[in-house]
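Observations on the model geometry
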Amino acid sequence: MIEVKKHGVILEKSASSFENEGVFNPAVYQDKDSVHLFYRAVRKGNFSSIGYCKLNGPLNVIERSKLPILVSETSEEFHGIEDPRITKIDNTYYLTYSAYDGINVFGAYATSTDLKNFEKQGIITPKFTFEEYSKLIAQNYGRIKKSHYVFYELFSRYKISKMMKGKIYVWDKNLVFFSKKIQGKFALLHRLHPSIQLLCFEDSNELTSSFWRNYIEDLGKHIVLLPKFIHESSHIGAGCPPIETEKGWLIVYHAAQSSTKGLIYHACAALLDLKNPLKVIGRLKQPLFSPTEDYEIEGNVNNVVFPTGTAIFNNELYIYYGAADSRIAVASVSLNNLLSEILNNK
């Protein structure tokens, strides 16, 4: 068993109007002893923006912005920009997020060179309706259970959309960049329900409707991880940006388990090949950690630990996560011990 230490809550909602409902799911960037958090800030009515705070060391908040650093600007972002992650590639920071209009969710990103000013680059995930996606995914029948991919996630929203007389699109979210290009291309993880896939491209302009049509028609060859264990019985999704180690790319991801109490979200871990992240070297058979504390069990959404960023201090891996969709908490584990345990589960 891996020993995981929970350090508790480090950030709660405030009286500020943009974050009076909750703060959680932070993007994390470590610069020596400083840790920058770009977190999902929610105001009443479930409208989200991106807030900011700075830590000295892994746990001590020393600075907090009184205003959001990124806000909704387009119709696709009407209900907010959610669940950011951040990665530095060369001299540019890539902040990914989910654009939510109240029904549909798309994956988007913004860039910065100073961690202060971010320029939105727009949506890069596919815009296919329920019917269009159903036809495309049918090409994969035999490799992937069509019903698992389409109807499990989309049918309830499809019915809602029909009642509201609006279009419903396939959800693609949890975009997470790798920290370096792989074989000359940007690489990122993303989630078309219920698995984690790999996307590679040289320029985001390549990600046209035609590109995504071909990608989805052969979706099976892009899958990194499928739900496999009981604690992954609903779905899985990318969590923290991959960490490059000598053993491989370490990924800490989330898994949702179906239960009589609703979904239970766990933190999980796996190791991917450095040259070919589609190759899984090892994967924990049990969650790395699960909701056990009051602040993880009760909140805006109960029973949630949702890892979105990491920092390393003295070979200890600190994992920052949203707790019950209400607050930001931290857990830590020995990096060496975690790698060893994953390698024991090849």
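Structural data are supplied above this passage.
Here's a quick rundown of the structure. (Residues numbered from 1 in each chain as written. Predicted model: local features only at pLDDT ≥ 70, side-chain atom pairs only at ≥ 80, totals over all residues. Heavy atoms only, no water.)

**Section: the overall build of the protein chain**
In terms of regular secondary structure, the protein chain is built from 6 helices and 21 strands. In terms of overall dimensions, the protein chain is globule-like: its C-alpha atoms have a radius of gyration of 19 Å, near the 20 Å expected for 346 residues. Each principal axis of the C-alpha atoms in the protein chain carries an extent, and together these give about 50 × 50 × 45 Å. Burial statistics for the protein chain: of 346 residues in total, 57% are counted as buried. Intrachain contacts of the protein chain at a sequence separation of at least 6 include 54% that bridge at least 24 residues. (Helix = DSSP H or I, 4+ residues; strand = E, 2+ residues; numbered from the N terminus. Rg over C-alpha atoms; globule rule 2.2 N^0.38 Å. Buried < 20%, exposed > 50% of the residue type's maximum accessible area, 1.4 Å probe, protein only. Contact = heavy atoms within 4.5 Å.)

**Things to note about the sheet that holds strand β10 (residues 172–177)**
Two orientations exist for strands paired in a sheet by backbone hydrogen bonds: parallel and antiparallel. On the basis of which strands lie adjacent, the open sheet formed by 4 strands has the order β10-β11-β12-β13 and antiparallel pairing. The sheet is open, and its two borders are formed by β10 and β13 (223–225), each paired with just one other strand. Across this sheet, the average inter-strand angle for adjacent strands is 35°, counted without regard to direction. Bridge analysis of strand β11 (residues 186–192) against strand β12 (residues 196–201) gives 5 bridges, and the strand direction is antiparallel. Pairing of Leu188 across the sheet is with Leu199, part of β12. Contacting β10, β11 and β12, helix α4 (residues 209–217) crosses the sheet at an angle of about 140° to β12. (Pairing = 2+ DSSP bridges. Axes fitted to C-alpha atoms, helices over the stretch in contact; angles between N-to-C directions.)

**Quick word on the sheet that holds strand β21 (residues 327–334)**
Ordered by their spatial adjacency, 4 strands build an open sheet running β1-β21-β20-β19, and the pairing between neighbours is antiparallel. Each of the sheet's edge strands pairs with one partner strand only, and the pair in question is β1 (5–11) and β19 (305–313). Strand-to-strand, the axes of this sheet are offset by a mean angle of 25°, without reference to chain direction. Pairing of strand β20 (residues 316–323) with β21, which is carried by 8 bridges, proceeds in the antiparallel orientation. Its bridge partner lying in β21, Tyr318 is registered against Ser332. Contacting β19, β20 and β21, helix α6 (residues 335–343) crosses the sheet at an angle of about 75° to β21.

**A word on the packing of aromatic side chains**
Working definition: an aromatic ring pair is given by the centre-to-centre distance plus the angle between the planes. Enumeration over the complete set of coordinates arrives at 20 aromatic pairs. Between Tyr94 and Phe177 the ring centres are 5.1 Å apart and the planes differ by 45°, which places this aromatic pair in the tilted class. Residue Tyr94 is found in strand β7 (residues 92–100), and its partner Phe177 is found in strand β10; the two are separated by 83 residues along the sequence. When its relative accessible area of 12% is taken as the criterion, Tyr94 is described as buried. Look at Phe177 and you get buried, because its relative accessible area is 2%. (Phe/Tyr/Trp six-rings, centres within 6.5 Å; stacked < 30°, edge-to-face > 60°.)

**Some details on the pattern of salt bridges**
Inspection of every chain in the model, using the stated rule, returns 12 salt bridges. Taking the shortest distance from any N to any O, the salt bridge between Glu21 and Lys44 comes out at 3.1 Å. Of this pair, Glu21 sits in the loop between β1 and β2 (22–31) while Lys44 sits in the loop between β3 (34–43) and β4 (47–56), and the two are 23 residues apart along the sequence. Taking the relative accessible area as the measure of exposure, Glu21 reaches 24% and is therefore partly exposed. Three or more residues joined by partner-sharing salt bridges are found here, namely Arg40, Glu82 and Asp83. (Salt bridge = Lys/Arg side-chain N within 4 Å of Asp/Glu carboxyl O.)

**Here's the deal with unusual backbone geometry**
Following His193, the chain continues into Pro194 via a peptide bond in cis, with omega recorded as 10°. Mapped onto the elements, Pro194 comes out in the loop between β11 and β12.

**Brief notes about α4**
Within the span of α4, buried status applies to Trp212, Tyr215 and Ile216. End-on, the buried residues of α4 take up no more than an arc of 90°, which puts them together on one face. Elements that come into contact with the buried residues of α4 comprise α1 (130–137), β10, β11 and β12. (Arc of directions from axis to C-beta.)

**Some details on the nonpolar core**
Core analysis: the largest hydrophobic core is formed by 24 residues, its most contacted members being Leu250, Phe289, Leu317, Ile319, Tyr321, Leu338 and Ile342. Sequence-distant contacts of Leu250, defined by excluding residues within four places in its chain, comprise Pro241, Pro242, Ile243, Thr245, Ala270, Leu271, Leu317, Leu335, Leu338, Leu339 and Ile342. With 21 residues, the next largest nonpolar core counts Tyr133, Leu188, Leu192 and Leu207 among its residues. (Core = buried A, V, L, I, M, F, W, Y, C linked by side-chain atoms within 4.5 Å.)

**Things to note about α6**
Among all positions of α6, only Leu335, Leu338, Leu339 and Ile342 are buried. One side of α6 carries all its buried residues, which in axial view fall inside an arc of 95°.

**Quick word on the packing of α1 against α4**
In contact at an axis separation of 8 Å, α1 and α4 are set at 50° when each is read in the N-to-C sense. Considered as vectors, α1 and α4 are oriented oblique to each other. The residues of α4 that touch α1, namely those facing Tyr133, Leu136 and Ile137, are Arg213, Ile216 and Glu217. Classifying every residue of the contact of α1 with α4 gives 4 nonpolar, no polar and 2 charged. (Parallel < 35°, antiparallel > 145°, perpendicular 65-115°, else oblique. Nonpolar A, V, L, I, M, F, W, Y, C, P; charged D, E, K, R; others polar.)

**Considerations on the layout of surface pockets**
For the second largest pocket, the calculated volume is near 330 Å³. What lines the second largest pocket is a set of 14 residues, and nearest its centre among them are Val28, Tyr29, Gln30, Pro242 and Thr310. A breakdown of the residues in the lining of the second largest pocket according to their chemical character gives 8 nonpolar, 4 polar and 2 charged. (1 Å grid on protein atoms, 1.4 Å probe; cavity = no way out; pocket = protein on both sides within 12 Å on 5 of 7 lines; lining within 4 Å. Points joined across faces, edges and corners; volume = space filled by probe spheres on them.)

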